[in-house]
Amino acid sequence: MTDISSSSFVRQDLLAERPAPIKTTGFIGLVRTRLFNSPTNILLTIVGALLLWFTVIPSVRFLIVDAVWSGQDRTACLAENAGFAVGACWPYIQAKLPQLIYGFYPEAERWRVDLTMLLAVVLLLPLLVPRLPAKGLNAGLFFVAFPVVAFFLLHGGGIKGFGLSWTAGLLQLFDESIIGAGQALLSLSKTSAIAPLLWVVGSLIVLVGTAISWLIFPLTWLRDYVQVMGQPVWADFGITAAIVSLIAFFLAGGIRTGGRALASSIAIFIAIAIVIKLMGLDRGGLPIVTTNLWGGLLVTLVVSVTGIVTSLPIGIALALGRRSTIPLIRIFSIAFIEFWRGVPLITVLFFATYMLPLFLPGNFTVDGLVRALIGIALFTGAYQAENVRGGLAAIPRGQGEAAAALGLSWWKTTSLIVLPQALRHVIPNLVNSFISLFKDTSLVSIVALFDLLGSLRASFSDPKWSTPSTAFTGFAFAGIIYFIFCFGMSRYSLFVERRLNAHRRS
């Protein structure tokens, strides 16, 4: 005990004060740990600060500080009248805003554009908010009912028939095309070196067309009979509703289990009848506004939304077709994807606008905007197919094998297990394609469709607003609009990605 006590040590003096720990939180901590913690970061911080100084500061001065906010014509945006170096000329945007939004759409009918955009927002917001209910009903309204209503709101016009007349017309047009092809071969057989072969093939095609015409004769006769009635639209509508409802009733199980399908069909047709009556489609509808009068943000949204909505199903179908075990489907999908990916979008627009009408029957015409929409949808669908295929390739084979072990069919395995996971993997790629498509809509001005940028460039020709800053102000305004839409899509995609990948959070 004595040895232990003598060897113990008790400090008599206090320790010297240690320096305070380096602050690693807050703004000062951020500066120390992220911006100036190494020579490389110091250099990058200085370069970034200089870049912001020479870009953001002049932009703020041009758009806000030195901008002119009120005026009636170009004189308000001239430096000699304002007394300082004029930046953005916002009175020019205020004067041209209707043209930038509606194009040359008649002023008295612009309420139809406003109503269409309002309906789109009202139907789209519930789909974007996860907590809101009735997603299936809302999706059906937005993706099925809204495009039809929007067409009659924006374009105008009415209907002369319904499902019966439309089906009979399409079948008759198909039959006339077949007979026309056969007659063309018969006419060629009179001067060709292989006349017997052409005559045989042409005769067979004409015979097939004649047989089809006899098969669809009851349908065309009923259509012609309905058209001579006092209310042809409602008579056609009633016949179509009865036929479709009965088909749905019997396909759903008849008397035992078909009541729900019958009630749903009747409810849908009642809703359609209400829309027809409210819009007066049976009496000619709203005044027709041809698409060559559309322009501005209206065309940009129509082209981009249509391309986004239609390209994804096309891409999914092509991606599944490319992985198919059936050679014909696989070869067709590969050829389709590689062809459209190998052609520039400008070429697609030119072909759809100027070459496609040459391949259509003489009595069949397609609107110029619709031709551009078809070309953009097919072009974007080819790119989306590769995005979706990448997601499908990332799914382990064990997922499909487990589904097969549970007895699930190929359709259920793909739609319920494989495809949802694949789409979740490629959300960034899909949204990136959507953003690219939204910006590429400016190319439609090449085929005489005035989108936002096309209407903006057209407004530059007004001498009333010809100033040195007019063009810069217009392009800055268009850039802000594009940024708002693209940034919104980007942020929402991040939200969806985080929500769907919650199981991967550490």
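Residues numbered from 1 in each chain as written. Predicted model: local features only at pLDDT ≥ 70, side-chain atom pairs only at ≥ 80, totals over all residues. Heavy atoms only, no water.

A few points about the packing of aromatic side chains
Right, so step 1: The final tally for this structure, using the stated rule, is 25 aromatic pairs.
Right, so step 2: Taking 5.3 Å as the distance between ring centres and 70° as the angle between the ring planes, the aromatic pair formed by phenylalanine 249 and phenylalanine 250 counts as edge-to-face.
Right, so step 3: Classification of phenylalanine 249 by relative accessible area gives buried; the value is 15%.
Right, so step 4: Judged by its relative accessible area of 58%, phenylalanine 250 falls in the exposed class.
Right, so step 5: Taken together through their ring pairs, the aromatic side chains of Phe162, Trp166, Trp234, Phe237 and Phe269 make up a single cluster. (Phe/Tyr/Trp six-rings, centres within 6.5 Å; stacked < 30°, edge-to-face > 60°. Buried < 20%, exposed > 50% of the residue type's maximum accessible area, 1.4 Å probe, protein only.)

A closer look at the state of the cysteines
Right, so step 1: Taken as a whole and assessed by the stated rule, the structure comprises one disulfide.
Right, so step 2: One disulfide in the model links cysteine 77 with cysteine 89; its S-S distance is 1.8 Å. Because the torsion about its S-S bond is 70°, the bridge between cysteine 77 and cysteine 89 counts as right-handed. Of this pair, cysteine 77 sits in the loop between helix 3 (39-65) and helix 4 (79-82) while cysteine 89 sits in the loop between helix 4 and helix 5 (90-102), and the two are twelve residues apart along the sequence. (Disulfide = S-S within 2.5 Å. Helix = DSSP H or I, 4+ residues; strand = E, 2+ residues; numbered from the N terminus.)

Observations concerning the domain arrangement of the protein
Right, so step 1: The domains assigned to the protein are domain 1 (26-82), domain 2 (94-105 + 289-504) and domain 3 (163-283).
Right, so step 2: Here the C-alpha centroids of domain 1 and domain 2 sit 34 Å apart.
Right, so step 3: Interface area, domain 1 with domain 2, both sides summed: about 720 Å², of which 66% is carbon and sulfur.
Right, so step 4: When residues of domain 1 are sorted by the area they lose upon contact with domain 2, Phe62, Arg74 and Cys77 head the list and together hold 54% of the total.
Right, so step 5: At the boundary of domain 1 with domain 2, the tally comes to zero salt bridges.
Right, so step 6: For the side of domain 1 that touches domain 2, the per-class residue count stands at five nonpolar, two polar and two charged. (Domains from an automatic or database assignment. Buried area = accessible area lost by both parts, 1.4 Å probe. Salt bridge = Lys/Arg side-chain N within 4 Å of Asp/Glu carboxyl O. Nonpolar A, V, L, I, M, F, W, Y, C, P; charged D, E, K, R; others polar.)

Considering helix 9 (residues 195-215)
Right, so step 1: With 21 residues, helix 9 extends 30 Å from end C-alpha to end C-alpha; this agrees with the ideal 30 Å at 1.5 Å per step.
Right, so step 2: Three or more residues of helix 9 are buried, namely Ala195, Leu198, Gly202, Val206 and Gly209. Take helix 9 and look down its axis: the buried residues cluster within an arc of 65°, on one side only. Opposite the buried face of helix 9, by more than 90 degrees, sit the exposed residues Pro196, Leu197, Leu204, Leu207, Trp214 and Leu215.
Right, so step 3: Among the structural elements, helix 8 (163-188) are those in contact with the buried residues of helix 9. (Expected span 1.5 Å × (residues − 1). Arc of directions from axis to C-beta. Contact = heavy atoms within 4.5 Å.)

Overview of the pattern of salt bridges
Right, so step 1: Using the criterion set out here, one finds ten salt bridges in the structure.
Right, so step 2: A salt bridge links aspartate 66 to arginine 61; its shortest N-O distance comes to 3.3 Å.
Right, so step 3: Exposure remark for aspartate 66: the relative accessible area of 17% places this residue in the buried category.
Right, so step 4: Glutamate 338 is paired through a salt bridge with arginine 341; the nearest N and O atoms lie 3.8 Å apart. Separated by three residues within a single helix, glutamate 338 and arginine 341 lie in helix 14 (residues 327-341), roughly one turn from each other.
Right, so step 5: Exposure remark for glutamate 338: the relative accessible area of 38% places this residue in the partly exposed category.
Right, so step 6: Owing to a relative accessible area of 34%, arginine 341 belongs among the partly exposed residues under this scheme.
Right, so step 7: Here the residues in one salt-bridge network are Arg322, Glu338, Arg341, Glu386 and Arg389, joined through shared partners.

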